[in-house]
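Topology and contacts: notes
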Amino acid sequence: MKPDHVDDKGLPGTMALVTSIVTHVLLLLPVLYIVGVAFESYQFFSWHPICMALGAGLLTAEAVYAINGEAYVSKKVRRSSRVTLHWILHAVGIGLLIIGLVIVIVNKNDKGKEHFVSTHAQFGLATFVIVCVVASFGILANNTQWLYPKVRPVLVKVLHAFAGITATILLIATVINGTYSKWWTKIGASETGRDLLFASLFIAGFLVLVKPVIGVIARSRVLAKPAPASATQQTVESQQT
């Protein structure tokens with residue numbers, strides 16, 4: 001069994017580092033673009049797309065990438081530290097989502113408009129609820145001993161990983177969907193900018209999620225094996241997954 005510190009595979013390869021850099025850039029540029037166009041036509045509502053872009057388009061995706069995708073972090077930082085970074089980024093990201101949600105509710109109230117009537121609003125609300133549920137489930141995934149031996153640790157981790165992948169896809173889709181809302185047209189943002197934003201987030205999302213998807217498939221194979229017979233084996237299984 002390997003100790004819980006840095007991986008022993010050496011420094012990341014050139015291709016892995018290049019992929020990491022490209023992924024970070026592709027996540028950051030769309031967010032900077034949204035923040036830029038929001039400030040160009042600044043009003044109170046502008047903080048909604050700003051918070052949502054930072055929370056959903058950047059921090060939560062970075063949280064997923066940090067735990068098992070980013071080359072330098074994955075090789076140089078121990079697993080427990082990556083888990084801590086994962087939930088901190090998610091906590092800050094969800095905090096920004098909450099602020100963005102409050103802003104749009106206050107804005108609607110001030111203008112006397114109905115809440116959650118557009119496709120974007122309904123899709124965004126559903127995504128927010130799912131993300132909060134997945135994040136709460138992450139507490140169990142990080143403390144599988146609470147459910148053992150009734151529930152195998154690997155099952156909890158596989159379910160959390162699958163749900164996290166789904167939530168990440170929904171968050172990125174929500175950010176993209178927001179550029180097709182009335183707000184985007186109202187502020188005069190370009191269609192070319194929207195197309196580039198779409199492409200950037202789509203490619204970044206793929207790069208962020210490809211390793212977690214492979215990991216879920218690999219972990220799922222463990223479910224076909226007999227359950228551990230002792231607490232020691234349970235600990236080993238939990239660390240391996």
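All figures in this text were calculated on a predicted structure; none of them were measured in a lab. (Residues numbered from 1 in each chain as written. Predicted model: local features only at pLDDT ≥ 70, side-chain atom pairs only at ≥ 80, totals over all residues. Heavy atoms only, no water.)

A word on the overall build of the protein
Definition in use: Only runs of H or I of at least four residues qualify as helices and only runs of E of at least two qualify as strands under DSSP, and these elements are numbered from the N terminus. Only protein chains enter the area calculation, which uses a 1.4 Å probe; residues under 20% of their type maximum are buried, those over 50% are exposed, and those in between are partly exposed. The criterion used for residue contact is that any of the two residues' heavy atoms lie within 4.5 Å. Working definition of accessibility: Shrake-Rupley area with a 1.4 Å probe, residue cover restricted to the visible protein chains.
Within the protein one finds 9 helices and 0 strands. From first element to last, N terminus to C terminus, the protein shows the α and β order α-α-α-α-α-α-α-α-α. Taken over 241 residues, the protein has a buried fraction of 43%. Put simply, of all contacts in the protein between residues at least 6 apart along the chain, 75% involve residues at least 24 apart. Total accessible area computed for the protein in this model is approximately 13200 Å², and 69% of it derives from carbon and sulfur atoms.

Focus on a positive patch on the surface
Note the following rule: Residues enter a patch when their relative accessible area is above 30% and they make no salt bridge; the linking distance is 9 Å between like charges and 5 Å between nonpolar side chains (Val, Leu, Ile, Met, Phe, Trp, Tyr). Salt bridges, as used here, are contacts in which a Lys or Arg side-chain nitrogen is within 4 Å of a carboxyl oxygen on Asp or Glu. Charged-residue counts in this description rest on Lys and Arg as positive and Asp and Glu as negative, His and the chain ends being excluded. Note on charges: their place is set at NZ of Lys, CZ of Arg, CG of Asp or CD of Glu.
Among the surface-exposed residues, Lys 111, Lys 113, Lys 182 and Lys 186 lie close enough to one another that they form a single positively charged patch. Within the fold, Lys 113 resides in the loop between helix 4 (79-111) and helix 5 (119-141). Judged by relative accessible area, which is 48%, Lys 113 ranks as partly exposed.

Digging into the side chain of Arg 194
So the rule is basically this: By the criterion applied in these results, polar contacts are pairs of N or O atoms within 3.5 Å in which, for protein atoms, one can donate a hydrogen and the other can accept it, and in which residues neighboring in sequence qualify only through two side-chain atoms.
Relative to the elements of secondary structure, Arg 194 occurs in helix 8 (residues 191-222). Glu 191 provides the closest opposite charge to the buried, salt-bridge-free Arg 194, at an N-O distance of 4.1 Å. Here the side chain of Arg 194 touches Thr 179 through a polar contact of 3.1 Å, landing on its backbone oxygen. Beyond its immediate sequence surroundings of up to four residues, Arg 194 is in contact with Thr 179, Tyr 180 and Trp 184.

Here we look at the UniProt feature "transmembrane region" (unreviewed entry) in the protein
Selection criterion: UniProt positions are given in the numbering used here, feature names are shortened, and annotations may be inferred rather than shown by experiment.
Cross-referencing UniProt, the feature "transmembrane region" (unreviewed entry) maps to residues 12-35, 47-67, 87-106, 121-142, 154-176 and 196-218 in the present numbering. The span residues 47-67 is 100% helical and 0% strand by assignment, and the distance between its end C-alpha atoms comes to 29 Å.

Some words on the packing of helix 2 (residues 47-68) against helix 4
What counts, and what does not: The axes used here are C-alpha line fits, helices contributing only the stretch in contact, and every angle between their N-to-C directions lies in the interval 0 to 180 degrees. Any angle that falls under 35 degrees is termed roughly parallel, while one over 145 is termed roughly antiparallel, one within 65 to 115 roughly perpendicular, and all others oblique. Crossings are classed by handedness, with left-handed meaning an anticlockwise turn of the near helix from the far one by less than a right angle and right-handed meaning a clockwise turn. All residues other than Ala, Val, Leu, Ile, Met, Phe, Trp, Tyr, Cys, Pro, Asp, Glu, Lys and Arg, Gly among them, are scored as polar; the first ten of these are nonpolar and the last four charged.
Where helix 2 contacts helix 4, the two axes come as close as 8 Å, and the packing angle between them is 165°. By the criterion of interaxial angle, the relationship of helix 2 to helix 4 is roughly antiparallel. Between helix 2 and helix 4 lies a crossing of left-handed hand. Taken together, the residues of the contact of helix 2 with helix 4 sort by class into 20 nonpolar, 8 polar and 3 charged.

A closer look at the packing of helix 2 against helix 8
Interhelical geometry of helix 2 versus helix 8 gives an angle of 30° and a closest axis separation of 8 Å. Our classification of the angle between helix 2 and helix 8 gives roughly parallel. Handedness of the crossing formed by helix 2 with helix 8: left-handed. Residues Gly 57, Ala 61, Val 64, Tyr 65 and Asn 68 of helix 2 pack against Leu 201, Leu 207, Val 208, Leu 209, Lys 211 and Pro 212 of helix 8. Looking at side-chain class alone, the contact of helix 2 with helix 8 contains 8 nonpolar, 2 polar and 1 charged residues.

A short note on the packing of aromatic side chains
To describe a pair of aromatic rings, one takes the distance between the centres and the angle between the planes. The cut-off we apply is this: Here is the rule: rings of Phe, Tyr and Trp (six-membered ring for Trp) pair when centre to centre is within 6.5 Å. Planes less than 30 degrees apart are stacked, more than 60 are edge-to-face, and the remainder are tilted.
Counted according to the given criterion, the structure contains 5 aromatic pairs. Measuring from ring centre to ring centre gives 5.9 Å for Tyr 33 and Trp 184, while their planes differ by 50°; the resulting arrangement is tilted. Of the two residues, Tyr 33 sits in helix 1 (residues 14-40) while Trp 184 sits in helix 7 (residues 182-186), which places them 151 residues apart along the sequence. Judged by relative accessible area, Trp 184 falls into the buried class, the value being 1%. When the centroid spacing of 5.8 Å and the interplanar angle of 10° are considered together, the rings of Phe 39 and Tyr 42 count as stacked. For Phe 39, a relative accessible area of 41% translates into the label partly exposed.

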